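# Architecture and fold: a report
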Amino acid sequence: MKTSASNVQVCLPQTTVPDVVAIVPAAGIGKRMCATWPKQYMIIDHKTLLEHTVHCLLAHPAISQVVIAIGAEDEYFYNTSLASNLRIVVTTGGEERIDSVLAGLKATDAEWIMVHDAVRPCVSHNDIDTLIAAAILHPDGALLASPVRDTMKRANNDGVVEITVCRKQLWHALTPQMFKRKQLCGALQHALNNSLTVTDEASAIELVGGAPKLVTGRADNIKVTQPEDLELVAFFLAQRTN
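Summarised in this report is the structure supplied together with it. Model, not experiment: these values are computed from the prediction. Note on numbering: residues in each chain are counted from 1, in written sequence order. Local features in a predicted model are, by the rule used here, given only for residues with pLDDT of at least 70; side-chain atom pairs are given and counted only at 80 or more, and totals for whole chains, interfaces and linings are based on all residues. Side-chain measures here rest on the full set of heavy atoms in the structure, leaving out hydrogens and waters.

### Thoughts on the packing of aromatic side chains
Two numbers describe a pair of aromatic rings. These are the distance of the centres and the angle of the planes. Applied cut-off: Ring pairs shown here join Phe, Tyr and Trp side chains whose ring centres sit within 6.5 Å, with only the six-membered ring taken for Trp; geometry is labelled stacked below 30 degrees between planes, edge-to-face above 60, and tilted in between. Relative accessibility decides the category of a residue: with a 1.4 Å probe and only protein chains considered, values under 20% of the type maximum give buried, values over 50% give exposed, and everything between is partly exposed.
Under the defined criterion, the tally for this structure stands at three aromatic pairs. When the centroid spacing of 5.9 Å and the interplanar angle of 55 degrees are considered together, the rings of Phe235 and Phe236 count as tilted. Judged by its relative accessible area of 46%, Phe235 is partly exposed. Take Phe236: its relative accessible area is 18%, and that puts it in the buried class.

### Some points on helix H2 (residues 97-106)
This is how the line gets drawn: Strands here are runs of E lasting at least two residues and helices are runs of H or I lasting at least four, both read from the DSSP assignment and numbered beginning at the N terminus. Residues are treated as being in contact if the distance between any of their heavy atoms lies within 4.5 Å.
Within H2, seven of the ten residues are buried, leaving the element largely enclosed by the surrounding structure. Taken as a whole, H2 has its buried residues at Ile98, Ser100, Val101, Leu102, Ala103, Gly104 and Leu105. Lining the buried residues of H2 we find strand S3 (20-26), strand S6 (63-70), strand S7 (88-92), strand S8 (112-115), helix H4 (181-193) and helix H5 (201-207).

### What about the nonpolar core?
To be explicit about the condition: Among buried residues, the Ala, Val, Leu, Ile, Met, Phe, Trp, Tyr and Cys ones that are joined through side-chain atoms within 4.5 Å form a nonpolar core.
Ranked by size, the top nonpolar core spans 32 residues in total, and within it Leu50, Val54, Val66, Ile68, Met114 and Met178 carry the most contacts. Sorting the residues of this core by element identifies S3, helix H1 (49-58), S6, S8, helix H3 (125-135), strand S9 (142-147) and strand S12 (171-180) as the ones contributing at least two each. Beyond its immediate stretch of four places on either side in the chain, Leu50 contacts Val24, Ala26, Gln40, Tyr41, Ile68, Phe77, Leu82 and Ala118.

### Some details on the environment of Cys166
Note on placement: Cys166 falls in the loop between strand S11 (161-165) and S12. Each C-alpha atom of the pair Cys166 and Asp150 lies 10.0 Å from the other, and the pair is 16 residues apart in sequence.

### Remarks on a nonpolar patch on the surface
Test applied: Only residues above 30% relative accessible area that lack a salt bridge enter a patch, with like-charged residues linked at up to 9 Å and the nonpolar side chains Val, Leu, Ile, Met, Phe, Trp and Tyr linked at up to 5 Å. Throughout, the Shrake-Rupley method with a 1.4 Å probe supplies accessible areas, and for residues the shown protein chains are the sole cover considered. Definition used for salt bridges: Asp or Glu carboxyl oxygen within 4 Å of a side-chain nitrogen of Lys or Arg.
A cluster of nonpolar side chains, namely Leu196, Leu207 and Val208, defines an oily patch on the protein surface of about 220 Å² accessible area. Among the secondary structure elements, Val208 is positioned in the loop between H5 and strand S13 (213-216). For Val208, a relative accessible area of 46% gives the class partly exposed.

### What to know about H4
Basically, it comes down to this: By definition here, a helix of n residues has an expected span of 1.5 Å times n minus one.
With 13 residues, H4 extends 18 Å from end C-alpha to end C-alpha; this agrees with the ideal 18 Å at 1.5 Å per step. Elements that come into contact with the buried residues of H4 comprise H2, S8, S12 and H5. Directly after H4, the chain includes Ser195, whose backbone phi takes a positive value near 55 degrees.

### As for the sheet that holds S12
Inclusion rule: Following DSSP output, two strands are said to pair if at least two bridges run between them. For helices, the fitted axis covers only the stretch in contact; all axes are lines through C-alpha atoms, and the angles between them, taken along N-to-C directions, range from 0 to 180 degrees.
As summarised here, the arrangement of the seven strands in space is S7-S6-S3-S8-S12-S9-S13, forming an open sheet in which the pairing is mixed. What marks the edges here is a single partner per strand, and that holds for S7 and S13. The average undirected angle you get between the axes of adjacent strands in this sheet is 30 degrees. Inspection of the sheet shows S3 paired to S8 by four bridges, in the parallel sense. Bridging from a neighbouring strand, Ile23 pairs with Val115 of S8. Along the sheet face, H2 touches S3, S6, S7, S8 and S12 and points at about 145 degrees away from the line of S3.

### Remarks on the side chain of Ser100
Tracing the backbone through its elements, the reader meets Ser100 in helix H2. When neighbours within four sequence positions are excluded, Ser100 is seen to be in contact with Pro25, Ala27, Ala69, Gly93 and Gly94.

Written as structure tokens, this is what we have:
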């Protein structure tokens, strides 16, 4: 019995989910970081962000394998500790996230898939437990998310406030996000075939009429997007090892 961040008691027997494979799209170049190399290979405590993220996933008992989709011209991955790990499968991703996730889906035949951002290394195992428990009970899978806390503004094209948006029932979508492989593969392919915009895996499920379950996740499960995020992630990782 474990307690999640939202104080929900969950029981996760070993036989409940026989095989969960995590897909990590890591083919992006992270333009907003203004760095000379992809942000997933930035270093914290002698490890790349990608290594921190993947090691965290592999340490969870329900995750049997991690599929990493890297760029076709990635010159960094094979210099990491991940390259020789037998529980890791490497495939070639694409220009967009949807291409990389589809490549990852084609590299496994697991029933359940968990997609996680390469530069979100602080996800907690308790949150993963709660996500799995919710996903296997909900017909359209589930995703970690965080309720919006701040006042939300919608701006016009000139960067001037157009309207204040009610934050009630608004959530920040996080990862991991978990779905059945066939369901997610079909939804992503539908979006690709119809040139529909997909910002995360849950949005693809929504485009085919699904409604994934929102699971409250910890606030420190942040994604490295801006340069200042790196110091914050380093702090959170240090707190967990102390």
